[in-house]
Amino acid sequence: GLTYVNTVLMPDSPLYMPHVPFAITASALGLLLVFRTNSSYNRYDVARGCFGTCINSSRSIIRLGMTVMAPTEPQLTRRLVRLLRCFARVLIFHVTADGDQHSTLCLNQKVQLEKEEIEGELRSQLEQLMGAEASEIMEASNRPVLV
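Note that the structure is a prediction, hence the values are computed from the model and not measured. (Residues numbered from 1 in each chain as written. Predicted model: local features only at pLDDT ≥ 70, side-chain atom pairs only at ≥ 80, totals over all residues. Heavy atoms only, no water.)

The subject of this paragraph is helix 3 (residues 74–95). Taking 1.5 Å as the rise per residue, helix 3 with 22 residues should run 32 Å; its terminal C-alpha atoms sit 32 Å apart, in good agreement. For helix 3, every residue scored as buried is listed here: Thr77, Leu83, Leu84, Cys86, Val90, Leu91, Ile92 and Phe93. (Helix = DSSP H or I, 4+ residues; strand = E, 2+ residues; numbered from the N terminus. Expected span 1.5 Å × (residues − 1). Buried < 20%, exposed > 50% of the residue type's maximum accessible area, 1.4 Å probe, protein only.)

As enumerated under the stated definition, the model contains 0 disulfides in all. With no disulfide partner, Cys54 has as its closest neighbouring cysteine sulfur the one in Cys50, 7.1 Å distant. (Disulfide = S-S within 2.5 Å.)

Moving on, we get to the nonpolar core. By size, the foremost hydrophobic cluster in this structure holds 13 residues, and its most contacted members are Cys86, Val90, Phe93, Leu122, Leu126, Met130 and Ile137. Every residue in contact with Ile137, bar those within four places of it in the chain, is listed here: Cys86, Val90, Leu126, Met130, Arg143, Leu146 and Val147. (Core = buried A, V, L, I, M, F, W, Y, C linked by side-chain atoms within 4.5 Å. Contact = heavy atoms within 4.5 Å.)

The next subject is the pattern of salt bridges. A side chain with one charge can pair with a side chain of the opposite charge if their charged atoms come near. For the coordinates displayed, the defined rule picks out 1 salt bridge. Between Glu133 and Arg79 there is a salt bridge, with the nearest N and O atoms lying 2.6 Å from each other. Within this pair, whereas Glu133 is found in the loop between helix 5 (115–130) and helix 6 (134–139), its partner Arg79 is found in helix 3, the two being separated by 54 residues in sequence. For Glu133, a relative accessible area of 26% puts it in the partly exposed group. (Salt bridge = Lys/Arg side-chain N within 4 Å of Asp/Glu carboxyl O.)

See below:
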């Protein structure tokens, strides 16, 4: 903008702005952006660690159930495995806006999924895992707690 004014509109008396205020504010702005980026990444890393801990704990519960209950209660063991597999899917749909479907369904396209599409995908995954119990889970307000 200032170059246009100096060369085209007012070539005889150019305007001048000192560069010192821009240099000082640019470094402060750069530090602010770096701090915000680092704190955002730290929050993501902590959330990912918590989700990983939940998944690993559910695997440990399955392993313990298979060891203790499998010989005597095979039906109960299968139900435990189905519920814990269901818990992982319900939790990812609960903590993300689109149930992590942007990366798995849209294949990196800039597509915004509607709430009904997301709910339909969760319902189909739950029906594969739980059968008739999927409708009860879908009606709950806090699905991970119900599972």
